[in-house]
Amino acid sequence: MIFLRVVAIASLWFGLQYWGMLVGYSLGGQGRFDLLSLPWKVAGASLSVIFPVAALGLWLAVSWGPVIWALAAGTQVLMHVVWYDTFGSNPMVLVMHAVVALVYIVFRLALWLEKRHKQDEIRLDLP
């Protein structure tokens, strides 16, 4: 639960960064929505909504939280790997998303193994 909340805070931070860019608060006003190219408009507007929604889902630890986070992280990975000529390269974002995904998978695997182990405990079954 603590891990999900830390990722939720990071997701909220990403969402706030995109909002700050779109309204002209960051990047010296150069990232304002009306000044962006069409690909950046689509990506910025989408991620400014998806990341806070993912943060809410992760904070509440509901099943759709990690799914929405994976959608947002996948979008950012595609932006910086597949379309790097349009969006630029950002290796730190890629590494961070990969680490978060790996840690999440390890936690899910550990929970699954624990549940499986509890099912295998000796039980007394009466005939």
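Predicted model only: the values in this text are computed from it and were never measured.

Some thoughts on the overall build of the protein
- Counting its regular elements, the protein contains 5 helices and 0 strands.
- Of the regular secondary structure in the protein, the N- to C-terminal order runs α-α-α-α-α.
- Relative to the 2.2 N^0.38 estimate, which gives 14 Å for 127 residues, the radius of gyration of the protein is 19 Å and therefore markedly larger than a compact globule would have.
- The principal-axis extent of the C-alpha atoms belonging to the protein is close to 75 × 25 × 20 Å.

Some remarks on the packing of helix α1 (residues 2-22) against helix α3 (residues 64-81)
- Interaxial distance between α1 and α3 falls to 12 Å at its minimum, and their mutual angle equals 50°. As far as their axial angle goes, α3 and α1 are oblique. Along this stretch, α1 crosses α3, giving a crossing that reads as left-handed. Contact residues: α1 offers V7, S11, F14 and Y18, while α3 offers W69, Q76 and M79.
- Of the residues belonging to the contact of α1 with α3, the class tally is 5 nonpolar, 2 polar and no charged.

Overview of the packing of aromatic side chains
- Enumeration over the complete set of coordinates arrives at 4 aromatic pairs.
- Arranged with centres 5.4 Å apart and planes meeting at 65°, the rings of F3 and F107 form a pair that is edge-to-face. Of the two residues, F3 is situated in helix α1 and F107 in helix α5 (residues 91-119); the sequence distance between them amounts to 104 residues.
- Cluster of aromatic residues (ring-pair linked, three or more members): F14, Y18 and F51.
- When the ring centre of W59 is taken as reference, the NZ or CZ atom of R5 above it lies at 4.4 Å.
- Over the aromatic face of F33 sits the side chain of K41, whose NZ or CZ is 5.4 Å from the ring centroid.

Cut-offs and rules
Residues numbered from 1 in each chain as written. Predicted model: local features only at pLDDT ≥ 70, side-chain atom pairs only at ≥ 80, totals over all residues. Heavy atoms only, no water. Helix = DSSP H or I, 4+ residues; strand = E, 2+ residues; numbered from the N terminus. Rg over C-alpha atoms; globule rule 2.2 N^0.38 Å. Axes fitted to C-alpha atoms, helices over the stretch in contact; angles between N-to-C directions. Parallel < 35°, antiparallel > 145°, perpendicular 65-115°, else oblique. Left-handed = near helix turned anticlockwise from the far one by under 90°. Contact = heavy atoms within 4.5 Å. Nonpolar A, V, L, I, M, F, W, Y, C, P; charged D, E, K, R; others polar. Phe/Tyr/Trp six-rings, centres within 6.5 Å; stacked < 30°, edge-to-face > 60°. Lys NZ or Arg CZ within 6 Å of the ring centre and 35° of its normal.

No statement about biological role is implied by the geometric values presented.
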